[in-house]
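# Working through the structure, step by step
Given next are the chains, with one letter for each unit.
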Amino acid sequence: MKPLEGKTAIITGAGGGIGRPTARMLADAGARVVVSDIREDAANATRDQIIERGGTAVAVPADITREPEVRELVAAAKGFGGVDVLVNNGGGSLARDQDIISMEVDVWDATMALNARGPMLCCKHAIPEMLGRGGGAIVNISSGAALSGQLGIPAYSAAKAAVIALTRSVATLYGQQGIRCNAITPGLILHERLAEIFPVEQIEIDAENILTPRPGTPEDIAAAVIFLASAQARFINAQVLPVDGGLLAHTPTYAQTRAMGSRRLEVKERS
Ligand SMILES: NC(=O)c1ccc[n+]([C@@H]2O[C@H](COP(=O)([O-])OP(=O)(O)OC[C@H]3O[C@@H](n4cnc5c(N)ncnc54)[C@H](O)[C@@H]3O)[C@@H](O)[C@H]2O)c1
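Described below are features of the structure shown in this document. (Residues numbered from 1 in each chain as written. Predicted model: local features only at pLDDT ≥ 70, side-chain atom pairs only at ≥ 80, totals over all residues. Heavy atoms only, no water.)

This next bit is on the pairing of strand E4 (residues 85-88). Residues Val85 and Val87 line one face of E4 and the alternating positions Leu86 and Asn88 line the opposite face, and both faces are buried. Here strand E1 (residues 8-11) pairs with E4 via three bridges, running parallel. Note on E4: the bridge partner recorded for Ala9 is Val85. Strand direction decides the pairing type here: E4 and strand E5 (residues 136-141), joined by four bridges, are parallel. (Buried < 20%, exposed > 50% of the residue type's maximum accessible area, 1.4 Å probe, protein only. Helix = DSSP H or I, 4+ residues; strand = E, 2+ residues; numbered from the N terminus. Pairing = 2+ DSSP bridges.)

Take a look at the structure:
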């Protein structure tokens, strides 16, 4: 039996990037997928891809920052089979999110609205549906940027840290009623759109600092989403799972030491 057979899953931000392959893999895992994105055409395209592969999906455009649209999204999912799984994937940073001294309040607020208010609203409206079915699984896509200092994107980092706190709050408030809520902190995950805009030098630096021989892909995130959403993870709640190739787990001097050409620090013998 497929891990999500008989389940209905909402995924936001599913019109591209990490969201589209994750939506496809949720369907491959047996879920009926409610594909949502602020961009209607993009959501429709993801839905069509799923149906072409023999899966079951519906597209429901929604801006996750707007409560009436989130309410409609959840209502549509209810009509499509209910809500067993919610993947809060929609999010991102603004180009003007550069530093604190030049921070414009509208940039801070918009970043918070997209990355923190959006997942909260989706939880707010999905949880009652899940409770009515005896429980459910929520997977929030946070970011490694929430866990370590960054040269840039301060509003995004703070908003993604809020997602981690939201994750723990949801699990603590509703865990006894069958709700599991976990977060994933991806490292750099290249996909078509990001590969176009991301500086090559930054990609090379990332490659030097991860502990895997290849960079992360959207499918790596999707695999973790499906695991956390499935019964395989039934005793895992309120956790934060880094899916980052070990980027944040090693000695800070890792890349420089490797560049010295030695895996072990060679200590000169005493005379
Ligand atoms: N790609 C990475 O390296 C990376 C790393 C860490 C975390 N993340 C997180 O993973 C998630 C997916 O990232 P991605 O790289 O695929 O980004 P992306 O920008 O390619 O995709 C985000 C999707 O969200 C949609 N969206 C934007 N605003 C929305 C709104 N208000 N309501 C509903 N949908 C909206 C966009 O249309 C888009 O399809 C995001 O939460 C991001 O912060 C990504």
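Let us look at the site of the ligand. As a matter of local geometry, the ligand sits amid 29 residues, with Ile18, Asp37, Asn89, Tyr156 and His191 nearest to it. Arg39 is positioned such that a nitrogen or oxygen atom in its side chain is 2.9 Å from an oxygen atom of the ligand. In the model, an oxygen atom of the ligand is placed 2.5 Å from a nitrogen or oxygen of the Tyr156 side chain. Relative to its unbound accessible area of 830 Å², the ligand is 88% covered by the protein chains. Elements represented by at least two residues in the shell around the ligand include exactly helix H5 (154-174) and helix H6 (192-197). Its residues placed into classes, the shell around the ligand shows eleven nonpolar, 13 polar and five charged. (Near = heavy atom within 4 Å. Polar contact = N/O pair within 3.5 Å; in protein donor to acceptor, adjacent residues only side chain to side chain. Areas by Shrake-Rupley, 256 points an atom, 1.4 Å probe, with all protein chains shown as cover. Nonpolar A, V, L, I, M, F, W, Y, C, P; charged D, E, K, R; others polar.)

Let us now look at the side chain of Arg180. In this structure, Arg180 sits in strand E6 (residues 179-186). Within polar-contact distance, the side chain of Arg180 engages the backbone oxygen of Ala233 at 3.0 Å.

Turning our eyes to something else, we now look at the pattern of salt bridges. Summed over all chains, the structure comprises ten salt bridges. Notably, a salt bridge pairs Asp48 with Arg47, separated by 3.0 Å at the nearest N-O pair. Note that Arg96 and Asp106 form a salt bridge whose closest N and O atoms lie 3.3 Å from each other. Here Asp106 lies in helix H4 (residues 105-132) and Arg96 lies in the loop between E4 and H4, a separation of ten residues in the sequence. Assessed through its relative accessible area of 42%, Arg96 is described here as partly exposed. (Salt bridge = Lys/Arg side-chain N within 4 Å of Asp/Glu carboxyl O.)

On to the state of the cysteines, then. For the structure on display, the rule yields zero disulfides. Looking at the unpaired Cys123, the closest cysteine sulfur is the one in Cys181, lying at 5.2 Å. Cys181 sits in the buried class, given a relative accessible area of 0%. (Disulfide = S-S within 2.5 Å.)

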